[in-house]
Amino acid sequence: MSTTEPIRNRHKLQKFRNYYKDTEPHRRNYLLIVTGLNTALRISDILALKWGDIYDVKSKSVCNHIRLYEHKTGKEQEIAINKSLRDALRSVLRGEPAPDPDDYIFKGYGSGPMHRSTAYRIIKKAADAVGLTGNISCHSLRKTFGYHAWKHGAQPVLLMNIYNHSSFQITKRYLGIDQDDKDRVFLKNNL
């Protein structure tokens, strides 16, 4: 069984992120990918999100944070909604009536949430379409968040806290550090 990979290449990441925006427009699928890339949540937590978790009906605006209890750990998580996610949410809401706070953002058939196998197919289709190789899955969104946060200077111990990992070894594996990353450290550090 192969390990799920983060998406390391920025150009391919942008093409993947925007596949359901530009190539095959589908606002819900676009929002699913943007949410995964910008929240570091597990797919089970993303699919369980309801509009009331991210949208204030009274003020008719996107909240500043997502607050939830993670299914796997039971730990409370508070996630700032960044510009990319806010813009994607606004694009989905544009021209639509205010959402019911109790409705799932990623609805499946009926009134329940989308099934994780549907989310996997959505992600896999976009990955294949833009030529991503390796084992890309729902968990790749979570790992991609950490990999790029780390590349932009986030401390691994902070990422460990964001992920609610019990050990640093798990976080290191999530970051998907490869030999090229190690080489850059050695080549850059000329003492």
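Structure shown above.
Rules used in this analysis
Residues numbered from 1 in each chain as written. Predicted model: local features only at pLDDT ≥ 70, side-chain atom pairs only at ≥ 80, totals over all residues. Heavy atoms only, no water. 1 Å grid on protein atoms, 1.4 Å probe; cavity = no way out; pocket = protein on both sides within 12 Å on 5 of 7 lines; lining within 4 Å. Points joined across faces, edges and corners; volume = space filled by probe spheres on them. Helix = DSSP H or I, 4+ residues; strand = E, 2+ residues; numbered from the N terminus. Nonpolar A, V, L, I, M, F, W, Y, C, P; charged D, E, K, R; others polar. Expected span 1.5 Å × (residues − 1). Buried < 20%, exposed > 50% of the residue type's maximum accessible area, 1.4 Å probe, protein only.

## Observations regarding empty space enclosed by the protein
Following the criterion strictly, the structure yields one cavity of 30 Å³ or more and no others. Quantified by volume, the largest cavity comes out at close to 40 Å³. Looking at the largest cavity, the residues that line it are Leu31, Thr35, Leu49, Ile54, Ile66, Leu85, Leu89, Ile105 and Phe106. Residue assignment for the lining of the largest cavity shows that the elements contributing at least two residues are α3 (27–39) and α6 (83–93). A breakdown of the residues in the lining of the largest cavity according to their chemical character gives eight nonpolar, one polar and no charged.

## Concerning α3
Between its first and last C-alpha atoms α3 spans 18 Å; for 13 residues at 1.5 Å apiece the expected length is 18 Å, and the two agree. Across the 13 residues that make up α3, a large majority, 11, are buried. Burial in α3 covers these residues: Asn29, Tyr30, Leu31, Leu32, Ile33, Val34, Thr35, Gly36, Leu37, Asn38 and Thr39. Alanine 40 sits one or two positions beyond α3 and adopts a positive phi of about 65°.

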